[in-house]
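# Summary of structural features
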Amino acid sequence: MTGDPGSDGLEDLLRELGPQVLGVLVRRGSDFAAAEDAVQEALLEAVRRWPDARPDDPKAWLVTVAGRKLVDEIRSAAARRRREERLQHEPEPGPTEQADDTLLLLSRCCHPALTPASAIALTLRAVGGLTTAQVAEAFLVPEATMAQRISRAKRTVSGERFDQPGDVTAVLRVLYLVFNEGFTGSVDLAQEAIRLARQLSAATDDPEVEGLLALMLLHHARRRARRTPEGAVVPLADQDRSLWDTAMIAEGVDILQAALARDRLGEYQVQAAIAALHDDAATAGETDWVQVVEWYDELVRLAPGQPVLLNRAVAVGAADGPLAGLRALEQVEQGVPRRDAAAAWLHEQAGDLGEAARLYALAATRAGNVAERDHLTRQAARLRNR
Amino acid sequence: MAKYLLLKHYRRTTGPANLPGTDVPMDQWTPEEIDAHVQFMRDWAAEMAERGEYVDGQALEPRGTFVRYDGEGRAPVTDGPFPETKELIAGWMVIDVDSDERAYEAAASLSAAPGQGGRPIHEWIEVRPFYGEPPVVTE
């Protein structure tokens, strides 16, 4: 889609329909890359024609036109002329099955053969319906670069078959990465990830999908409190809880409870449970840290890893005191991101302010973004100037 | 994805020494050797762009000037004296790649640009990661 399709929601409608049409073509066995190109052409056609005469069934119209564009690829110029004549007439509506298509498309776009960056870009373009320019803007790279990244990704998955469309693990990982990309361009990627997770949730029967959706909602609900208007980091304990979105928290908790009731626990449900315990506390001091630690123990069992052990150590510090937290931290390898920051916090709680200041300063030199670096530098300065 | 700045230097005063015989100044190369070098850089950028990993790049003039505020109402102080020769940046590229390893691989391939006699110049490329956006989930 390029240009300005004008008013009355045409752009939104096309963004909504594009991925559905692609899903239909892919499910019918079309080559992924060729189908994606054909859908883009059909959308352009719609931008040109619909302001004058919008079809009764826009999706079926697009499926038919994109299908013809696909056929065109392998036909002669003579056939092309005939097609243009045919296009004067309204295409017939065809059957569609949106739920299956969503999962199929997402599986294809999040294929393990793709690097995370390529999977994210392809997902946003092919399933999210974003333009290449919007995806490029979100990742602060030139549009030409993003166009290349997307077309390489399309070629990579073009020959890949998907025998197990029910395996959503890779899809969930990519959606969570999209969620965590935050917000740099005109499109809010966190909201986009939530939107895609809702679609996936309607298309699948796996409580982990609801677990991830709940997790994202429970984090997203805290968004307004997470940074100052100037962009500085506000730690969870210092956040103004009146800024939290209580309706979104309630929705997240409902979705989580329904997922947990199905008794097929997974890592996203556990992470959502931890987020729910944080969201549930009226003040940081009222957080049920003992239960938080129990959920972290569950998470260590389900999805062991250094970041999980690190977060667990912080929770242990809050539940059983800083010395217990520091003992738990000994299980975490040196060099794990944010280990120094966690150690600094625990030392500060234990009253060892000199060591805490040293570790905050060290953590600042290892921060991966400016907001976090500034926050940690301020923490070190606060302790040194007491 | 993470962005990295690749820095090419006219002159470094810090960092590891060059391989012997590889840092022959460009004005001592033949015109064809210079053309080959320049073409290599263009091809490198085109290849990175084709992979969806190229963000931007520019060549810089050699005259880098240090400027300092020297108190209200006074003219800014520019340049030296420097105890050592100052560093001079020749140009920069910004790439957007999946990992440190991929950034180093790309920088190494840039360092293989041909010089005198068509041999790689084994130039040191400085690789500096950008700070990224803070993740949504930090707690």
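Owing to the predicted nature of the structure, the values given are computational and were not obtained by experimental measurement. (Residues numbered from 1 in each chain as written. Chains lettered and ligands numbered in written order. Predicted model: local features only at pLDDT ≥ 70, side-chain atom pairs only at ≥ 80, totals over all residues. Heavy atoms only, no water.)

### Notes on the overall build of chain A
Within chain A one finds 20 helices and 0 strands. In chain A, which comprises 386 residues, the share counted as buried stands at 52%. Long-range contacts, defined here as pairs at least 24 residues apart, represent 63% of the contacts in chain A between residues at least 6 apart. As displayed, chain A offers around 17700 Å² of accessible surface, 50% of which is attributable to carbon and sulfur atoms. (Helix = DSSP H or I, 4+ residues; strand = E, 2+ residues; numbered from the N terminus. Buried < 20%, exposed > 50% of the residue type's maximum accessible area, 1.4 Å probe, protein only. Contact = heavy atoms within 4.5 Å. Areas by Shrake-Rupley, 256 points an atom, 1.4 Å probe, with all protein chains shown as cover.)

### Focus: the interface of chain A and chain B
In this assembly, 34 residues from chain A lie in contact with 20 residues from chain B. When the area that chain A buries against chain B is broken down by residue, the three leading residues are R152, N180 and N369 of chain A, summing to 19%. Linking chain A with chain B are 3 salt bridges, by the criterion used here. For D96 of chain B, the salt bridge is made with R149 of chain A, and the minimal N-O distance between the two is 2.9 Å. At the boundary of chain A and chain B, one finds 9 residue pairs in polar contact (both at pLDDT 80 or more). When residues of the side of chain A that touches chain B are assigned to their parent elements, the largest contribution, 5 residues, is made by helix α8 (residues 143-158) of chain A. Of the residues assigned to the side of chain A that touches chain B, the class counts are 14 nonpolar, 10 polar and 10 charged. (Buried area = accessible area lost by both parts, 1.4 Å probe. Salt bridge = Lys/Arg side-chain N within 4 Å of Asp/Glu carboxyl O. Polar contact = N/O pair within 3.5 Å; in protein donor to acceptor, adjacent residues only side chain to side chain. Nonpolar A, V, L, I, M, F, W, Y, C, P; charged D, E, K, R; others polar.)

### Focus: the packing of aromatic side chains
Residue and element names in this part refer to chain A. All chains considered together, the criterion is met by 3 aromatic pairs over all chains. When the ring of Y176 is compared with that of Y268, the centres are 5.9 Å apart and the planes differ by 85°; the resulting orientation is edge-to-face. Of the two residues, Y176 is situated in helix α9 (residues 169-180) and Y268 in helix α14 (residues 267-280); the sequence distance between them amounts to 92 residues. Among the residues examined, Y176 registers a relative accessible area of 13% and is labelled buried. You can call Y268 buried: its relative accessible area is 8%. (Phe/Tyr/Trp six-rings, centres within 6.5 Å; stacked < 30°, edge-to-face > 60°.)

### As for the sheet that holds strand β1 (residues 2-11) of chain B
All names here are of chain B. Pairing in this open sheet of 4 strands is antiparallel, and the strands run β2-β5-β1-β6 from one edge to the other. If you trace the sheet from one side to the other, it starts and ends with β2 (54-59) and β6 (126-129), each paired once. With strand direction ignored, the average angle separating the axes of adjacent strands in the sheet is 20°. Bridge count for β2 against strand β5 (residues 88-97) is 5 bridges, and the pairing is antiparallel. Within β5, the residue paired with A59 across the bridge is G91. The strands touched by helix α2 (residues 100-111) within the sheet are β1, β5 and β6, with β5 carrying the most contacts at an inclination of about 135°. (Pairing = 2+ DSSP bridges. Axes fitted to C-alpha atoms, helices over the stretch in contact; angles between N-to-C directions.)

### Focus: the pattern of salt bridges
Residue and element names in this part refer to chain A. This model, assessed by the stated rule, comprises 32 salt bridges over all chains. For R262, the salt bridge is made with D205, and the minimal N-O distance between the two is 2.3 Å. Of this pair, R262 sits in the loop between α13 (246-260) and α14 while D205 is found in the loop between α10 (189-203) and α11 (207-220), placing the two residues 57 residues apart along the sequence. Where E210 meets R262, a salt bridge forms, and the shortest distance between an N and an O atom there is 3.9 Å.

### Structural notes on the UniProt feature "domain: RNA polymerase sigma factor 70 region 4 type" (unreviewed entry) in chain A
Mapped onto this numbering, the UniProt entry annotates "domain: RNA polymerase sigma factor 70 region 4 type" (unreviewed entry) at residues 109-156 of chain A. When the span residues 109-156 of chain A is considered, its composition is 69% helix and 0% strand, and the gap between its end C-alpha atoms is 10 Å. (UniProt positions renumbered as here; feature names shortened; annotations may be inferred.)

### Considerations on helix α1 (residues 31-50) of chain B
All names here are of chain B. The end-to-end C-alpha separation of α1 is 28 Å, in line with the 28 Å expected for 20 residues at 1.5 Å each. Every buried residue belonging to α1 is among E33, H37, M41, W44, A45 and M48, and all of these are buried. The arc that holds the buried residues of α1, viewed along the axis, is 120°, so those residues lie on one side. Facing away from the buried side of α1 by over 90 degrees, the exposed positions are P31, E32, D35 and R42. Its buried side turned inward, α1 meets β1, β2, β5 and α2. A positive backbone phi angle near 75° is found at G52, which sits one or two residues after α1. (Expected span 1.5 Å × (residues − 1). Arc of directions from axis to C-beta.)

### Points about the nonpolar core
If you look at the biggest cluster of nonpolar residues, it comprises 124 residues, and the most contacted ones within it are F32, L62, F179 and L329 of chain A. If near-sequence neighbours (up to four positions away) are discounted, L329 of chain A is found in contact with L310, A313, R339, A342, A343 and L346 of chain A. (Core = buried A, V, L, I, M, F, W, Y, C linked by side-chain atoms within 4.5 Å.)

### So, the domain arrangement of chain A
Residue and element names in this part refer to chain A. The assigned domain composition of chain A is domain 1 (1-82), domain 2 (101-156 + 167-204), domain 3 (210-224 + 242-287) and domain 4 (306-385). Counting from both sides, the interface comprises 15 residues of domain 1 and, opposite them, 16 residues of domain 2. Among the residues domain 1 hides against domain 2, the three largest losses belong to R15, P19 and F32. Together they make up 44% of the total. At the surface where domain 1 touches domain 2, the tally comes to 5 salt bridges. (Domains from an automatic or database assignment.)

### A word on the confidence of the model for chain B
Residues and elements named next belong to chain B. Residues at a pLDDT of 70 or more form 97% of chain B, whose mean pLDDT is 88. Mean pLDDT per element in chain B: strand β4 (residues 77-78) is the minimum at 80, and β6 is the maximum at 96. With a pTM of 0.85, the predicted complex shows an ipTM of 0.83. (pLDDT = per-residue confidence, 0-100.)

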